[in-house]
Amino acid sequence: MNVLGIDIGGSGIKGAPVDTEAGELLEERLRIPTPEPSSPEKVAAVIDTISRHFGWTGPVGVTFPGVVVNGVIKTAANVDRSWIGVDAAQLFGGATVLNDADAAGLAEVRFGEGRDRTGTILVLTFGTGIGSALFVDGQLVPNTELGHLELNGKEAEHHASDRAREKHDLSWEKWAERVEEYLRHVEMLFSPSLIVIGGGVSKKAQKFLPYVRLDTPVVPAALQNQAGIIGAAHAAASRMQRVH
Ligand code: BGC
């Protein structure tokens, strides 16, 4: 099935048509900076621009950087707070809407690093915040929000996200210490068999992963920053198959 996948991030909104059986983009993705303020109306206008750019009339899957339950937004840590309580599925014309890290995780487990693996897999995305997707034998436990775990009396994502690296001007090695400390904490809580690192930094994994030492295998996301788009489209296709 061909589905338009759209990934709403703290700094950019990216979209492309996706072949959901192959898990591949069908056209070059379009990226538009996230509007400020990132209010529902402004973001909906960007989604509309992306659909029109691709001349899209088919199914659409959209990620959101917060808790999403049945298409309704429950939290908004890194986007405008007026999103809380909004029925995003309705606002986006009946699109499938899910958490951004959950979408990236679905793509990795279906097409990337987690494919054909059983057990507990954690996909963690490092960007403006830290997103998490937890899988048990391929089944997603949605909205885990592990970026908000407390670490040294602080929210983990304020300490170890990619934004924290930029904000505090940390070297890759120094930032890797923070990432390692965070990963040790989630390792202790979940004893995963694999940790996949996604988000914008996944394509720069060689700069910091060599400094991260953990008992659990830690690998960069195979789909890099396309995972959100592919996962959003995949989730929409799965939902349509369930409904029809
Ligand atoms: C949000 C999560 C999101 C993550 C990555 C966190 O601040 O609470 O829902 O997945 O950022 O965007």
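None of the values given here were measured: they were computed from a predicted structure. (Residues numbered from 1 in each chain as written. Predicted model: local features only at pLDDT ≥ 70, side-chain atom pairs only at ≥ 80, totals over all residues. Heavy atoms only, no water.)

Caption draft 1: Main features of the pairing of strand 5 (residues 60–64). Counting buried residues in strand 5 gives 5 out of 5 residues, a clear majority hidden from the surface. Alternating positions in strand 5 separate into two faces, Val-60, Val-62 and Phe-64 on one and Gly-61 and Thr-63 on the other, with burial throughout. Sheet analysis places strand 1 (residues 2–8) next to strand 5, joined by 4 bridges and oriented parallel. Residue Leu-4 lies in a different strand from strand 5, and its bridge partner there is Val-60. Looking at chain direction, strand 5 and strand 8 (residues 96–99) are connected through 4 bridges and run parallel. Pairing of Val-62 across the sheet is with Val-97, part of strand 8. (Buried < 20%, exposed > 50% of the residue type's maximum accessible area, 1.4 Å probe, protein only. Helix = DSSP H or I, 4+ residues; strand = E, 2+ residues; numbered from the N terminus. Pairing = 2+ DSSP bridges.)

Caption draft 2: Here's a closer look at the site of the ligand. Surrounding the ligand, one finds 13 residues, the nearest of these being Asn-99, Asp-100, Glu-145, His-148 and Glu-157. Contacts to the ligand include Glu-145, whose side-chain N or O atom sits 2.5 Å from an oxygen atom. In the model, an oxygen atom of the ligand is placed 2.6 Å from a nitrogen or oxygen of the His-148 side chain. In isolation the ligand offers 310 Å² of accessible surface; the protein chains occlude 94% of this area. Spatially, the ligand is embedded in the largest pocket. Those elements that provide at least two residues to the shell around the ligand are helix 3 (100–111) and strand 10 (130–136). The residue inventory of the shell around the ligand, partitioned by class, reads 4 nonpolar, 6 polar and 3 charged. (Near = heavy atom within 4 Å. Polar contact = N/O pair within 3.5 Å; in protein donor to acceptor, adjacent residues only side chain to side chain. Areas by Shrake-Rupley, 256 points an atom, 1.4 Å probe, with all protein chains shown as cover. 1 Å grid on protein atoms, 1.4 Å probe; cavity = no way out; pocket = protein on both sides within 12 Å on 5 of 7 lines; lining within 4 Å. Sits in = over half its atoms within 2 Å of the grid points. Nonpolar A, V, L, I, M, F, W, Y, C, P; charged D, E, K, R; others polar.)

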